[in-house]
Every structure is written in C-alpha cells, then in structure tokens.
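# Geometric and topological summary
The primary structure of each chain is shown beneath.
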Amino acid sequence: MQAAADPAIADAPQGAAASSAAAAPAAGTDSIAKPGATIEEIVVTAQRRQQKLEEVPMSITAVTPQQIENLNLTSTDSIQLISPGLVFDRGFAYAQTFIRGVGTNLPNPGLEGAVATYVDGGYLQRSIGTVADMFDIGQVQVLKGPQGTLYGRNATGGAILLSTADPTDTRSLHLAQEYGRFDHQLTEAVANLPLTDTLSVRIGGRASSQDGFITNLNDGGEFGFRDSQILRAKAKWTPIEGFTSVLGVEYSEMVDGNNGIAERAAAPNCVGCADPRAQSPVSGFYDVDNSSSSPTRTRARSVNLHMGYKANSLSFDSVSAIRDEDTAVISDQDYTGAPLFKFDAKTGGRAFTQELQAATDYQGLLNGMVGLSYLHDNAYFDADISGDAFGPLNPVGKNDVQTDSYSGFAEAYVTPTPRLKLTAGGRYTHDKRSLSGHINGDVIFAQFAPAGSPSDFEQSDSFNSFTPRVVLAYQFDLVNAYASWNRGFKAGGYSTPAFAPSVGVDPEKIDNFELGSKYVSEDRRLRLNAATFLYLYRDIQVPIVDLTAGGLITQNAGKARGYGFETDGQYAVVDWLDLIGGLALLHARYTQYEAAQVNNAGPTGLSKATEDLEGAPLSRAPNLTASLGAQVHTVVWGSWLANASVIGRYTSEYDFYPGRGGNLRYDYQPAYTLVNLTATLGPESGAYTAGIYVNNLTDEKYYLQRATSAPFGVVDQVAQPMTFGVRFTASFE
C-alpha cells in the first residue's frame, strides 16, 4: 500500500509557509542524491496550495535547485531541456514561450504573451528582454495547458512559476566563479543571515559576461555577446505563529547582443543586396552584414511582498508586486550593410499587481478557495525610423498603452470518499485597454499610416472572459488518475507600434480536455507521469512581421485543434545512477485560417499576399520533443563526492511563422538535438566543488528565428555554438 499523504503537506493552502516551501532549498545547499538515496520528494504550489508533485492533477515539470546546478540550466530558456512540449526561443530579444504549440511570437505592449510567467507570485506583464538568468532559484514549475481559473489572463498555453530562494534561519555564504569559451566570466555571491529569532535576510548578486560568436562583415564587429548583472535582497519575518511576510527587492541589467540578423536571399528578394555597400547575402552560418544594429539593453526594478497567515484550517494570502522595466534596441531592418532601414525602439513601463486569496483545509467533505486579482500597467512603445530607403524622412511614432484588469475566482473541492476528489471552479475577468498614439508627418509620407491619419489619436476597448475548470481525480494505491477540463484566454488589445487608429484584436480562447496519471513506486525509486490531451483553440492572436506597417500587425486567425501525449519520469536505477527523461507527441493544426498574411516571392521580389492555411501547423509546435538524461554520483577518495550529468533533447522540425512565411517556405526550424554535460568533484559536505560544463556538446547548428520579411529579405538569427568552461563553488555555514 502507498504511504498516506503527509497531512502537513497534502492540500495545504498556499499560506504562510508556501513561499518557503516552493523556494527551498536555496543556492549552495547540498540536496544532491547520495548513495542509498531514493528520488527526492517535490512539493509544488501549482494549484495555489502546497501539494506533493504526484498529487497534483495536471501536467507539470518541476525543476529543483539541484537540477539547475547539475544540468547547468543557466537561463530561463534552458528549462526546455527537461520539459518536453515546451519551446522557449529568444529571437528578436523576445522571450518566445510556447507550450503544446500555444504561445506568442512577438509580444509587445498592448498584447502580451500566451504563457503567463510569475516570479514569487507576481505576474510579469512584459516578455521583451526578460530571458533571465537562473540566479538563486528555489524552484521552477512549468504548468502545461491553459490555466485560466488559477492564473487568469494570458495563460492559454500554460504558466511558468519561478520562485527565488527565501531567507532561512541558517547563517550561510555561497560563492561561485565560472570561466569559459568566448571569454565567459561569472561571479556570484549569496549570503543568508538570521538577524533575530523571527527575522532573516538573504542578499545576493551575480555578474556575468561573454563575448560574441557572430561576425559582422560590415565593420568587423561581433554579435552574440551578453552582459548581465542582478542584485537581490529578501527579508523574511515571522513575528507570530502562523504569519509569514517575505519582502523582496531586485535590480537587474542586461545587454544582449544576440540581435545580429543574417540576410540569406539574393536580389530581387533582398532589396539591399543590390547596394554596393552590402555584402549580402551572407553564406557563413555565424556571419551577418548589418549596418545599424545595437544590443538590446534592459533595466528592471521590482518589489515583491508576500504575506500569509494560517490559523487552524483557514489561510489568507496576499502578493503585491511592482515591476518597472525599460528596454532599448536599434535593429537593422533591411538586414544588410546598406543603411536603408534603421529601427530604433524603446519600450517598457510600470506594472502593479495584487493577489488576494483565502482557502480552507478542513478534514471533511468540502473545502474551497477564493481569490481576487488586480493589474494596472502603464506601458509605452516609441519607434524612430530612418535610413536611405526613406530619404530625408524620419518617421517617429509614440504609443502609450494602459491596462486595467480585475478578476475574481472561486474553487470548491469535494471529497466524497478518501480516494475521490472533485474540483470545480471558475474565474471572471474584466480587462480595459486604452491606446494613445502620436506620430509626425513623416509617418504618412513614408506610408506607414494612411493619408489623412491624425497626428494624435486615442482608442479604448474592454473585454470580459469567464474561464472555468473541472477536475475529477481518483487515488489508486500507487497511481493518481485524473480527468480535467480547463479553459484559458489571452487578453484582447492593440498591436504596437501603431501609427494610426486600428481595429482592436479580440481575446483568444482555448478549451483543453486532459486525461492523466501520476505514479510513484512504493520504494520511491521511480516517478512516472503521463497525460493525453485535446484542445480546441479559437480567435488565435497571430503576430506578423510587416515592415510596410512599421513592424508588427496581429490577426485573429480563426481556429485550431491540437492533441497529443506526454510522459516524463525519474528512475533511481541503482544507488549511484539516476535517469530522467520525457517525451511529447503533438499534432497542432489550423482548422480555419482563410486569409493568413504571408510574404511571397515573385519576379520583382517579395510582397505581401494571403493564403488559406487550413491544415498548416501552429507556430513552434514540433510533432516530437524528447529528452533523456543521466546523473552519476559516487563517493571517491574517502569523503569526496564525484558527480557527472548529461542531458540531451531532440526537437523535430517546426514552423516559426504560419505557412512558413510564404511560398519560399523558409520560416522553420530544422530538427536538431542538444546535449549538455557537467561534472563536479568536491568533499561530501559540499563545502567547495570544482567542475566543468559543456553546452551543445555536438556543436549543433540551429536557429533562434527565421523570417521572410517583405520587401527586404529572408533572414535568420542563429543560436550559440558549443560552449565549455570551469566552475568553482564554496559554501560556508
């Protein structure tokens, strides 16, 4: 028989202790499996309450701090290595996150991404420039499938929950240093200080840098470099029994030079290629020919306050978060050494979110949870366009977008027998969105706006959505089986940059039907999860690169259907060997998309066209993703511990944009495999370690982005080649 669930964990509301449970162990602690150990127990908060992973009736990937270190998961996009079904690209400086083929290519102010990201319970409103370092992380949870009831707006694909490490009551200091290829350097320090019996603080910082790997033939410079700094301070206060308050403050800067764009087409499909100043098209995989690009520079400041109180079987939670963010980038939109089209963009804003929640945890038939959410966001997008293609014209457009969102949700949990549980709930959301714009006269002369367009304009709209959830779960002796229906929605709004008043974009909606099971063996050496799903997707928001409109337009693309199967697991084969792996099969196709905008090649070059894409794959929806990894851990030389980990992921080909961009069918990712390797050696106490890492061990060539962009060309951004280096850590208590 399976052991009974720990009453202190099972279905405990996400109250005073949830933050620390989700955010531990902290950086520098030694939670690595030792000889004789079984697979570790993982506690998650996916349902806004603490539960063991195997008890949660949904498809989840939970990533622990030790996995982050062992597998060298250095940034948020690397999570996809161990989460089949997740595609996390970073083309054009955006975090392009897709789960089961549902996501957003180019989310700008006015229309956010379709995979909601939360950091310490606070929602991240923006996706550009937010591919963050995995610094002092307590846990990462990838929730697959729509999460409209529990996490609200912009969760049609799912949600990613990042918890940074909370302060603990142990005095400690953790240090790390890395050196690697492309002059990579990383320095990290985290100090944990208990000041009193009720107050602890945690302060940490990381600085990392790396040179580029892409050569700009135009001036001999390089792209692909990256510099980032992050400072974080957290304080945890527990003045009375049952009450916990965690205050976090963070500042980060990032300079991302991976915006070199290679032109691969020749004239007439490349306008700039006929210019004698251009060396395009380029043939070298790691070469570009750009005249005016600059790195993406992002600065972010955030404050997060989580307060929780639990008394008997009642708990109350509050999460307040403010994030202020600014991003600037200059991109070469003709993609050649000829200075034809320079796009200078500045975007960002300030967002405030407030979450309130109350829950019960009675030992009886009925329990429940209710919550309220509020978001207020003031965002901006300023575009400054210049270049020889516009002669003396200098089109300038400025947009301000204000968003106010109010929602409330409720769930009831009915347990008619100890093994059977019914969950039913829903969320009602009201969004109000306003867009204001200012343009100069050159915008009209450059034909980015129709003749007669006003120099100042303002428009607004509101949207209402109801997103229910029903789950039926049954606990067999060793298997938790469930069936669920979830609805999600992505908020409506306006495309930016906008140079003239436009018709708003409707919300997209999705219904997901899922059957799944969670299994943990009685000896806790094997964990195995499986799920099969079907979703119906409508009014899909599809961003299209349209330089004749100044950058982006977004269409509601009709309907789509997706179905598939996922499985993942972990197996402690013997005391010194653990295996992890997963598989995701997906068939996601448009069932209605009659007038999709594409860019077709003709005798005179590239031009806009329309195409019926019924039956075409959704963007970033590979038919197959699979991962397999192994970890060896053994004692050597008395009390010294050696560890070696390898993880590989295979991704079948997928489309970047609908219809692969047009009749050239260029906008797709060929199938590729990534393999990462790490190894460490140090005393069993974890006081210090020395290690090596190799990322992209086979030096696979693959892409962050490929796009057909009329009239200027067919372009791509390439991913990083093989990197390797050494890492040293020291921990003191």
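Refer to the structure printed above.
Note that the structure is predicted; figures quoted are calculated from it, not measured. Counting restarts for each chain, with residues numbered from 1 along the sequence as it is written. In view of the model being predicted, local features appear only for residues whose pLDDT reaches at least 70, and side-chain atom pairs are presented and counted only at 80 or more, with totals across whole chains, interfaces and linings using the full set of residues. Where side-chain values are given, they derive from all heavy atoms of the structure, hydrogens and water being excluded.

### Brief notes about the sheet that holds strand β43 (residues 703-709)
Backbone hydrogen bonds are what pair the strands of a sheet, in a parallel or an antiparallel way. Test applied: When DSSP finds two or more bridges between two strands, those strands count as paired. Runs of E in the DSSP output that reach at least two residues are strands. Runs of H or I that reach at least four are helices, and both are numbered from the N terminus.
Across the sheet, three strands lie side by side as β19-β44-β43; this open sheet has antiparallel pairing. Of all the strands in the sheet, the pair left with one neighbour each is β19 (262-263) and β43.

### Quick notes on the nonpolar core
As a reminder of what qualifies: Nonpolar cores were defined as sets of buried Ala, Val, Leu, Ile, Met, Phe, Trp, Tyr and Cys residues, with membership established by side-chain atoms within 4.5 Å. Type-normalised accessible area, obtained with a 1.4 Å probe on protein chains alone, sets the label of each residue: buried when under 20%, exposed when over 50%, and partly exposed for intermediate values. When checking whether two residues touch, look at their non-hydrogen atoms; a contact exists if any pair is within 4.5 Å.
If you look at the biggest cluster of nonpolar residues, it comprises 38 residues, and the most contacted ones within it are F341, F343, I385, F448, F499 and V718. For this core, the elements supplying multiple residues, two or more each, are β23 (342-360), β24 (366-386), β43 and β44 (713-718). No other element matches β24, which puts three residues into this core. Beyond its immediate chain neighbours, meaning those up to four positions away, V718 contacts F213, I214, N258, R264, F285, Y286, Y702, Y703 and L704.

### Topic: the pairing of strand β34 (residues 577-592)
In this sheet, β34 lies alongside strand β33 (residues 559-574) in antiparallel orientation, the contact comprising 15 bridges. By the bridge assignment, A572 is partnered in β34 with D578. Hairpin geometry of β33 and β34 is characterised by an intervening segment of two residues between the two adjacent antiparallel strands.

### Focus on the sheet that holds strand β7 (residues 102-103)
Overall, antiparallel pairing links the three strands, which are arranged β5-β6-β7 in an open sheet. The open sheet has two edge strands, β5 (86-89) and β7, and neither has a second partner. Where strand β6 (residues 96-99) and β7 come together, two bridges link them in antiparallel fashion. Paired with F98 across the bridge in β7 is G103.

### Points about the pattern of salt bridges
Under the convention used in this document: In the sections that follow, a salt bridge refers to a side-chain nitrogen of Lys or Arg positioned within 4 Å of a carboxyl oxygen of Asp or Glu.
For the coordinates displayed, the defined rule picks out 37 salt bridges. Put simply, R299 and E253 hold a salt bridge, and the shortest N to O gap is 3.7 Å. Separated by 46 residues along the polypeptide, R299 in strand β21 (residues 296-311) and E253 in strand β18 (residues 243-256) bring together distant segments of the chain. Taking the relative accessible area as the measure of exposure, R299 reaches 47% and is therefore partly exposed. A single network of salt bridges, built from pairs that share partners, joins E112, R153, D431 and R433.

### Comments concerning the state of the cysteines
Applicable threshold: Sulfur atoms of two cysteines make up a disulfide when they are within 2.5 Å.
Going through the model one piece at a time under the given rule, you end up with one disulfide. Here C270 engages in a disulfide with C273; their sulfurs sit 2.0 Å apart. Handedness here is read from the sign of the S-S torsion; for C270 and C273, about 90°, the answer is right-handed. On the basis of relative accessible area, C270 is assigned to the buried category, the value being 1%.

### A few points about the pairing of strand β11 (residues 158-164)
Across the seven residues of β11, seven count as buried, placing the element largely inside the fold. Alignment of strand β8 (residues 115-119) against β11, held across five bridges, turns out to be parallel. Across the sheet, A116 pairs through a bridge with A159, a residue of β11. Bridge analysis of strand β10 (residues 137-144) against β11 gives seven bridges, and the strand direction is antiparallel.

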